[in-house]
Amino acid sequence: SQNPRFSDSWLTDIHMDRTGTLWVTTWNKGIYEFDHNTQTFRFYTHRGDIPGGLSTNRLFGMFEDRGGILWFGTGGAGLNKLVPRTRVFSVYTYQAGIPNSLREKSANGIYKEPGGPLWIGTQSNLSRYDATTDTFTHFRADPGNPRTISNHTILAITPSRKRPKNLWIGTRHGLNLFDTRTGTA
């Protein structure tokens, strides 16, 4: 049967974290966190410009890195990072005139290399986030260069199991094997 809390929500991702907590992202209602021990939900919703809060209720999906940090992609409000024990969000978004910021307001696909950078797929490019320098590097499609990704809209990212340091990149126009060392497809 359907949970009445979700009856009017467009669910975009479901993830069981390493502690056994269930996380559900939605396109219109924010984030639901379900604690199996207490059988209760906690809700994270956008409430204006409250520092440490969720930047929007429109979420595409999420990724948990090896450190247990949760990364949430949004529709129009950047990338949200949540350290679950603090319940505080950090937001990374487009900042006009700052070339090392996220280049796009939407974040679709997310993947973090073990011990390496975070990769974010946006509507306009593939971005690599380096936490040590707090900067983003961007990789765009170039129709005149067959060694670039096939399209600028990146929808999904996952690692290649057979080729270390390579990522499978799902775009609006196909699938690409991207070499993270050379920045080429």
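Residues numbered from 1 in each chain as written. Predicted model: local features only at pLDDT ≥ 70, side-chain atom pairs only at ≥ 80, totals over all residues. Heavy atoms only, no water.

Novice: Please clarify how the nonpolar core should be interpreted in this entry.
Specialist: Soluble globular proteins: nonpolar side chains tend toward being buried together. If you look at the biggest cluster of nonpolar residues, it comprises 22 residues, and the most contacted ones within it are Trp71, Leu79, Trp119, Ile120, Leu126 and Ile157. Secondary-structure elements contributing two or more residues to this core are β9 (110-112), β10 (118-121), β11 (126-130), β12 (135-139), β13 (154-159) and β14 (166-171). Ranked by the residues each element gives to this core, the list is headed by β10, at three residues. Discounting chain neighbours no more than four positions away, the residues touching Trp71 are Gly61, Met62, Phe63, Asp65, Leu79, Asn80, Lys81, Tyr92, Ile110, Leu118 and Tyr129. Tyr44, Leu54, Leu59 and Phe72 belong to the second-largest nonpolar core, a separate cluster that totals ten residues. (Core = buried A, V, L, I, M, F, W, Y, C linked by side-chain atoms within 4.5 Å. Buried < 20%, exposed > 50% of the residue type's maximum accessible area, 1.4 Å probe, protein only. Helix = DSSP H or I, 4+ residues; strand = E, 2+ residues; numbered from the N terminus. Contact = heavy atoms within 4.5 Å.)

Novice: Honestly, the sheet that holds β13 in this entry has me stumped. Any pointers?
Specialist: Sheet strands line up and pair through hydrogen bonds in the backbone, either parallel or antiparallel. Taken in spatial order, the three strands of this open sheet run β13-β14-β15, and their pairing is antiparallel. The outermost strands of the open sheet, each flanked by one partner alone, are β13 and β15 (174-179). Along the sheet, successive strands turn relative to each other by an average axial angle of 25 degrees, direction set aside. Taken together, the six bridges between β14 and β15 define a ladder with antiparallel strand orientation. Residue Ile169 lies in a different strand from β15, and its bridge partner there is Asn176. (Pairing = 2+ DSSP bridges. Axes fitted to C-alpha atoms, helices over the stretch in contact; angles between N-to-C directions.)

Novice: Can you help me understand the pattern of salt bridges in this one?
Specialist: Once their charged atoms are close, side chains differing in charge can pair, the charge on each being opposite to the other. With the rule as written, the count across this model stands at three salt bridges. Ionic pairing is found between Glu33 and Arg87, a salt bridge with its closest N-O pair at 3.2 Å. On the criterion of sequence distance, the pair formed by Glu33 in strand β3 (residues 31-35) and Arg87 in the loop between β7 (79-83) and β8 (88-92) is long-range, its members being 54 residues apart. You can call Glu33 buried: its relative accessible area is 8%. Owing to a relative accessible area of 35%, Arg87 belongs among the partly exposed residues under this scheme. The closest approach of N and O atoms between Lys165 and Glu113, which form a salt bridge, is 3.4 Å. Taken together, the positions of Lys165 in the loop between β13 and β14 and Glu113 in the loop between β9 and β10 put the pair 52 residues apart, joining distant regions of the chain. (Salt bridge = Lys/Arg side-chain N within 4 Å of Asp/Glu carboxyl O.)

Novice: When you look at the packing of aromatic side chains in this model, what are you seeing that I'm missing?
Specialist: Inspection of the entire model under this criterion finds 19 aromatic pairs. Taking 4.8 Å as the distance between ring centres and 40 degrees as the angle between the ring planes, the aromatic pair formed by Tyr129 and Phe136 counts as tilted. With respect to class, Tyr129 is no different from Phe136; both count as buried. A network of ring pairs unites the aromatic residues Trp23, Tyr44, Phe72 and Phe89 as a single cluster. (Phe/Tyr/Trp six-rings, centres within 6.5 Å; stacked < 30°, edge-to-face > 60°.)

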